Amino acid sequence: MHRVQVVRADITTLEVDAIVNAANERMLGGGGVDGAIHRAAGPRLRDACAQVPEVRPGVRCPTGEARITPGFDLPAGHVIHTVGPVWHGGNADEERLLGRCYSRSLALAVEYGLRSIAFPAISCGVFGYPPDEAANVAMRAIASFLEPGADLERIVLVAFGERAESTLTQALGAFGD
Ligand code: APR
């Protein structure tokens, strides 16, 4: 996992090929990191999201799936929008859906030939996922995605605060190198 690192930052400032957005299924913006990314990317991001076809009324990106758009005014070239599960106590398929957010986002990055990607702590804000459990789900999903030698150079897990930084660092440490 030597290509994986924890960085304390505002994800909108990172110069990576793609930053991942913790979006909702409508994919037209919101609060939290979704709001921050749309503010930093500018109004063209919302226009690009609106072009993403709905798979059913009001749903452009189902939970556990990922969609890619340009980054527009962001330093990152692309935004990969993914929708994490809302935490309902752990017995509503949350772990599998959260893991899919990471693996589907990584698959999109590889499909687009991207070399670096940064993730926020998906579902750990408004959606209420316990950060320590979410960090372990993220590491497991990343580790299993990297096994067959996917050629991503750099995967960044962005901590938006001190506690998040220690939680993510601890989870990464448990996975060794
Ligand atoms: N950079 C990095 N991380 C950030 C930033 C930022 N600028 N802003 C917030 N975060 C962190 C939060 O601290 C949290 O740990 O992102 C994590 C995800 O929190 P939310 O943004 O609330 O996302 P989530 O819990 O997945 O809920 C998604 O919230 O904003 C709406 O439209 C969004 O409906 C969707 C829901």
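Preceding this section is the structure that the text describes.
Residues numbered from 1 in each chain as written. Predicted model: local features only at pLDDT ≥ 70, side-chain atom pairs only at ≥ 80, totals over all residues. Heavy atoms only, no water.

### A look at the sheet that holds strand β6 (residues 154-159)
In plain terms, the rule: What makes two strands pair is DSSP finding at least two bridges between them. For helices the rule is a DSSP run of H or I covering at least 4 residues; for strands it is a run of E covering at least 2, with both sets numbered from the N terminus onward. Each axis is a line fitted through C-alpha atoms, and for a helix only the stretch in contact is used; angles between axes span 0 to 180 degrees, taken between their N-to-C directions. Two residues form a contact once any of their heavy atoms are found within 4.5 Å.
With mixed pairing, six strands are arranged side by side in an open sheet as β1-β6-β5-β2-β4-β3. Each having just a single partner strand, β1 (4-8) and β3 (66-70) make up the two edges of the open sheet. Strand-to-strand, the axes of this sheet are offset by a mean angle of 25°, without reference to chain direction. Pairing geometry for β1 and β6, over five bridges, is parallel. By the bridge assignment, V7 is partnered in β6 with V158. Across the sheet, helix α1 (residues 32-41) touches β2 (18-22) and β4 (78-82), and the angle it forms with β2 is around 135°. Against the sheet, helix α2 (residues 43-51) contacts β3 and β4, and its axis sits at roughly 135° relative to β3.

### Some details on the site of the ligand
Filter applied, for reference: When at least one non-hydrogen atom of a residue lies within 4 Å of a molecule or strand, that residue is treated as near it. Definition of a polar contact: a pair of N or O atoms within 3.5 Å, with one able to donate and the other able to accept a hydrogen when the atoms are protein atoms, and with sequence-neighbouring residues admitted only if both atoms are side-chain atoms. Residue exposure ignores everything except the shown protein chains as possible cover, and the areas themselves are Shrake-Rupley values with a 1.4 Å probe. Under this grouping Gly is polar, as are all residues other than the nonpolar Ala, Val, Leu, Ile, Met, Phe, Trp, Tyr, Cys and Pro and the charged Asp, Glu, Lys and Arg.
Taken together, 21 residues lie near the ligand, and G31, V33, D34, S123 and G125 sit nearest. In this structure, a nitrogen atom belonging to the ligand sits 3.0 Å away from a main-chain N or O atom of I11. Take V126: an N or O atom from its main chain is 2.9 Å from an oxygen atom of the ligand. Relative to its unbound accessible surface of 700 Å², the ligand loses 86% to contact with the protein. By residue number, the principal contributor to the shell around the ligand is α1, which donates four residues. Split into classes, the residues belonging to the shell around the ligand amount to 12 nonpolar, seven polar and two charged.

### With respect to the nonpolar core
The following threshold applies: What we call a nonpolar core is a set of buried Ala, Val, Leu, Ile, Met, Phe, Trp, Tyr and Cys residues that are connected through their side-chain atoms within 4.5 Å. The classification of residues rests on relative accessible area computed with a 1.4 Å probe and restricted to protein chains. Under 20% of the type maximum is buried, over 50% is exposed, and intermediate values are partly exposed.
Counting residues in each nonpolar core, the largest one holds 36 residues, and the members touching the most others are I80, Y102, I117, F119, I142 and I155. Elements that contribute at least two residues to this core include exactly β2, β3, α3 (94-111), β5 (116-119), α4 (131-146), β6 and α5 (162-173). Among the elements that take part in this core, α4 stands out by supplying 10 residues, more than any other. If we skip the residues at most four places from it in the chain, Y102 touches F119, P120, A121, I122, A138, A141, I142 and L157. With 21 residues, the next largest nonpolar core counts A23, M27, V79 and V83 among its residues.

Purely geometric stuff here, so don't read any function into it on its own.
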